[in-house]
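Residue strings, one per chain:
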Amino acid sequence: MEHTRSERLFRESQQYIPGGVNSPVRACRAVGCTPVFIDHAKGAYVYDVDGNRYIDYVGSWGPCILGHAQENVVRAVREACEGGLTYGAPTEKELTLAKLIRACMPGMELSRLVSSGTEAVMSAVRVARGYTGRDKIVKFRGCYHGHSDGLLVKAGSGALTQSVPDSGGVPADYTKHTLVAEYNDCASVERLFAECGGEIAAVIVEPVAANMGVVLPEEGFLPFLRDITRDHGALLIFDEVITGFRLGVGGAQQRFGVMPDLTTLGKIIGGGMPVGAYGGRREIMEQVAPLGEVYQAGTLSGNPLATTAGIVTLALLRDSGDRYERAERRTAELAAAVREALGDRVRVNQIGTLMSVFFTGTAVRDYGTATASDPSRYAAFFRYMLERGVYLAPSQYEAMFVSFAHGEEEIARTCEAVRAYGSLQGKR
Ligand SMILES: *Cc1c(COP(=O)(O)O)cnc(C)c1O
């Protein structure tokens, strides 16, 4: 497989863009190679600038559940362009999207559109603080909630309630109200509430963690978070930027039967264009300006093109019949093939159309067990699959995303490549 054009573009991009990329993981450093530059994409495939075709399991990190360039979405956006690209005034489309969201996720009685997942989470946290009049929030190690200052934290080595920034340029003062607990560890949350329960505005969690690789919530973990927040007058925020409309149209909250106070969405709800949303119970969302004191605004919020892509995508998902189940069965098939081909070398976590292959011998249930996996083995697997025309996430800690466009043929070809890799490993 030739990558000469990609390599040239990457070299030149580094002269103009930090690291040559507009989001760090794209630089492929974790897998020890240079990125392929994408020319176009259709259905389950991406095509690079050297003319190579790949079965795509990145799906733009989540949005492309219908496959790339789904024709109804593309047609609607093209038509919408003729009506003007942005107005900065209300449109009927925003109402339509808000109604669709509430029909699928009844807990989002009122919702606001923003332009990214980062913005959605940042705003939801502000609303939680405004509503409760408290400053502290609890997040979980290994969960990602966008790149706003207060959420780029890691647990400090000292006291339980001491967090330190996980990025340069973030003042320690900005993270001192962010407490860090362990995913799937109820006791770690109990300890934080015991120490400062009256000051905690909200617990924010990815109901299925998908940013340390895919990590499923254990039985009882999400209901526990629901109970402890309610008992202490704190809010529960589900960050469903990945899981929303991926684990079914009702998201993780429907799948696990746990209703949060606030929900954040992104990725799929923009149908491939920049959209995020946050929403929840009416009385909480009534804190938001112009009704309440919590300020949040956006020049391009509710942008007509992005909103159009979102509406068409969500409507197709809502009316998709058994497409979720079929895609989920294919993903499970792929997961089973990986387990069989790579055996004890790996642990595969899978739910719905999300999965991860961890190169570790122990079950992955939190950040510690996720990071026990061997990044160099994943890197070798990634490079092999790429050469076989399968485009995986260029990092062990990102999910694989299967779309409705991944048919039997694509899954079979991927399984075949995995088996070939397995037998190659077996001989060593
Ligand atoms: C991607 C992601 C975000 C951030 O969304 P952006 O659109 O990249 O800003 C927030 N939360 C979760 C769970 C995500 O996966």
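It should be emphasised that the depicted structure is a prediction, and the values quoted were computed from it without experimental measurement.

### Here's the deal with the packing of helix H2 (residues 71–81) against helix H10 (residues 304–318)
Each pair of packed helices can be described by the angle between their axes along with the distance between the axes. Relative to each other, H2 and H10 sit at 150°, their axes nearing to 9 Å. One way to sum up the angle between H2 and H10 is to call them roughly antiparallel. Seen along the crossing, H2 lies across H10 with a hand that is right-handed. Residues Asn72, Val73, Ala76, Val77, Ala80 and Cys81 of H2 pack against Leu305, Thr308, Ala309, Val312, Thr313 and Leu316 of H10. Counted by class, the contact of H2 with H10 contains nine nonpolar, three polar and no charged residues.

### Topic: the site of the ligand
Every residue close to the ligand is listed here: Ser116, Gly117, Thr118, Tyr144, His145, Gly146, Glu206, Asn211, Asp239, Val241, Ile242 and Lys267. In this structure, Thr118 approaches the ligand through a side-chain N or O atom, which is 2.6 Å from an oxygen atom. Protein contact buries 83% of the 380 Å² of open area that the ligand shows by itself. A per-class count over the shell around the ligand returns three nonpolar, six polar and three charged.

### Details of unusual backbone geometry
Residue Ala289 is joined to Pro290 through a cis peptide bond whose omega torsion reads 15°. Examined against the element boundaries, Pro290 turns out to sit in the loop between helix H9 (282–285) and H10. For Cys28, which is not glycine, the phi dihedral falls at a positive 65°. Assignment of secondary structure puts Cys28 in the loop between helix H1 (4–13) and strand S1 (38–42). Within the chain, Asn184 stands out as a residue other than glycine whose phi angle is a positive 65°. Among the secondary structure elements, Asn184 is positioned in the loop between strand S8 (178–181) and helix H6 (186–196).

### What about the sheet that holds strand S2 (residues 45–48)?
The pairing of strands in a sheet happens through backbone hydrogen bonds and is either parallel or antiparallel. The sheet built from four strands is open, its strands ordered S1-S2-S3-S15 with mixed pairing. At either end of the open sheet lies a strand with only one pairing partner, and these are S1 and strand S15 (390–391). Of the strand pairs in this sheet, strand S3 (residues 53–56) and S15 are connected by two bridges, and their pairing is parallel. Opposite Asp56, over in S15, you have Tyr391 as the bridge partner.

### Details of the packing of helix H3 (residues 92–104) against H10
Following both chains from N to C, one finds H3 and H10 inclined at 35°, their axes separated by 9 Å at the closest point. Along this stretch, H3 crosses H10, giving a crossing that reads as left-handed. Side by side, H3 and H10 meet where Lys93, Glu94, Thr96, Leu97, Leu100 and Ile101 of the first sit next to Pro304, Thr307, Thr308, Gly310, Ile311, Leu314, Ala315 and Arg318 of the second. In the contact of H3 with H10, the residues fall into seven nonpolar, four polar and three charged.

### Side note on the state of the cysteines
Per the counting criterion, the structure on display carries zero disulfides. Unpaired in this structure, Cys196 has its nearest cysteine sulfur neighbour in Cys186, at a distance of 17 Å. Looking at Cys196, the relative accessible area reads 6%, which means it is buried.

### Quick look at the packing of aromatic side chains
For the structure on display, the rule yields eleven aromatic pairs. With a centroid separation of 6.2 Å and 90° between ring planes, the pair formed by Phe140 and Tyr183 is classed as edge-to-face. A residue pair is termed long-range when its members are at least 10 positions apart, and Phe140 in strand S5 (residues 136–140) and Tyr183 in the loop between S8 and H6 qualify at 43 residues. The pair formed by Phe140 and Tyr183 is uniform in burial state, with each residue classed as buried. The interplanar angle of 50° and the centroid separation of 5.1 Å between the aromatic rings of Tyr384 and Tyr421 together place this pair among those described as tilted. You can see Tyr384 sitting in helix H13 (residues 375–387) and its partner Tyr421 sitting in helix H14 (residues 408–427), a full 37 residues away along the chain. Judged by relative accessible area, which is 5%, Tyr421 ranks as buried.

### Some details on the sheet that holds strand S11 (residues 262–265)
The mixed open sheet is built from seven strands, whose spatial order is S4-S12-S11-S10-S9-S5-S8. Both outer strands of the open sheet, strand S4 (110–114) and S8, are each paired with one neighbouring strand and no more. Ignoring which end each strand starts from, the neighbouring axes of this sheet average 20° apart. Packing of helix H4 (residues 117–132) onto the sheet brings it into contact with S4, S5, strand S9 (200–205), strand S10 (235–239), S11 and strand S12 (276–280), and relative to S11 it is tilted by some 165°.

### Quick word on the side chain of Gln253
Inspection of the secondary structure puts Gln253 in helix H8 (residues 251–256). Within the structure, the side chain of Gln253 is placed 2.9 Å from the side chain of Glu240, a separation counted as a polar contact. Once you skip the residues sitting within four places of it in the chain, Gln253 turns out to touch Met105, Phe238, Glu240, Val258, Met259, Pro260 and Thr263.

### Overview of the pattern of salt bridges
Enumeration according to the criterion identifies 13 salt bridges in this entry. Across the salt bridge formed by Arg365 and Glu218, the nearest N and O atoms sit 2.6 Å from each other. Residue Arg365 is located in the loop between strand S14 (354–358) and helix H12 (367–370), and its partner Glu218 is located in the loop between S9 and helix H7 (221–231); the two are separated by 147 residues in the primary sequence. A relative accessible area of 34% means that Glu218 is categorised as partly exposed. Each of the salt bridges in this network shares a partner with another, and the network as a whole consists of Arg226, Asp261, Arg281 and Glu283.

### Describing the domain arrangement of the protein chain
Split into domains, the protein chain comes out as domain 1 (4–69 + 322–425) and domain 2 (71–318). The gap between the C-alpha centroids of domain 1 and domain 2 is 25 Å. For the domain 1 and domain 2 pair, buried surface summed over both sides reaches about 2500 Å², with 63% attributable to carbon and sulfur atoms. The three residues of domain 1 that bury the most area against domain 2 are Tyr324, Ile351 and Arg365, which together make up 26% of that side's buried surface. Inspection of the region where domain 1 meets domain 2 yields two salt bridges. The residue Glu328 makes a salt bridge to Arg255 at a minimum N-O spacing of 2.8 Å. Where domain 1 packs against domain 2, one counts eleven residue pairs in polar contact (both at pLDDT 80 or more). Looking at the side of domain 1 that touches domain 2, the elements with two or more residues in it are helix H11 (323–342), strand S13 (347–351), S14 and H12. Here the side of domain 1 that touches domain 2 takes four residues from S14, the largest share from any one element. A per-class count over the side of domain 1 that touches domain 2 returns 19 nonpolar, eight polar and five charged.

Rules used in this analysis
Residues numbered from 1 in each chain as written. Predicted model: local features only at pLDDT ≥ 70, side-chain atom pairs only at ≥ 80, totals over all residues. Heavy atoms only, no water. Axes fitted to C-alpha atoms, helices over the stretch in contact; angles between N-to-C directions. Helix = DSSP H or I, 4+ residues; strand = E, 2+ residues; numbered from the N terminus. Parallel < 35°, antiparallel > 145°, perpendicular 65-115°, else oblique. Left-handed = near helix turned anticlockwise from the far one by under 90°. Contact = heavy atoms within 4.5 Å. Nonpolar A, V, L, I, M, F, W, Y, C, P; charged D, E, K, R; others polar. Near = heavy atom within 4 Å. Polar contact = N/O pair within 3.5 Å; in protein donor to acceptor, adjacent residues only side chain to side chain. Areas by Shrake-Rupley, 256 points an atom, 1.4 Å probe, with all protein chains shown as cover. Pairing = 2+ DSSP bridges. Disulfide = S-S within 2.5 Å. Buried < 20%, exposed > 50% of the residue type's maximum accessible area, 1.4 Å probe, protein only. Phe/Tyr/Trp six-rings, centres within 6.5 Å; stacked < 30°, edge-to-face > 60°. Salt bridge = Lys/Arg side-chain N within 4 Å of Asp/Glu carboxyl O. Domains from an automatic or database assignment. Buried area = accessible area lost by both parts, 1.4 Å probe.

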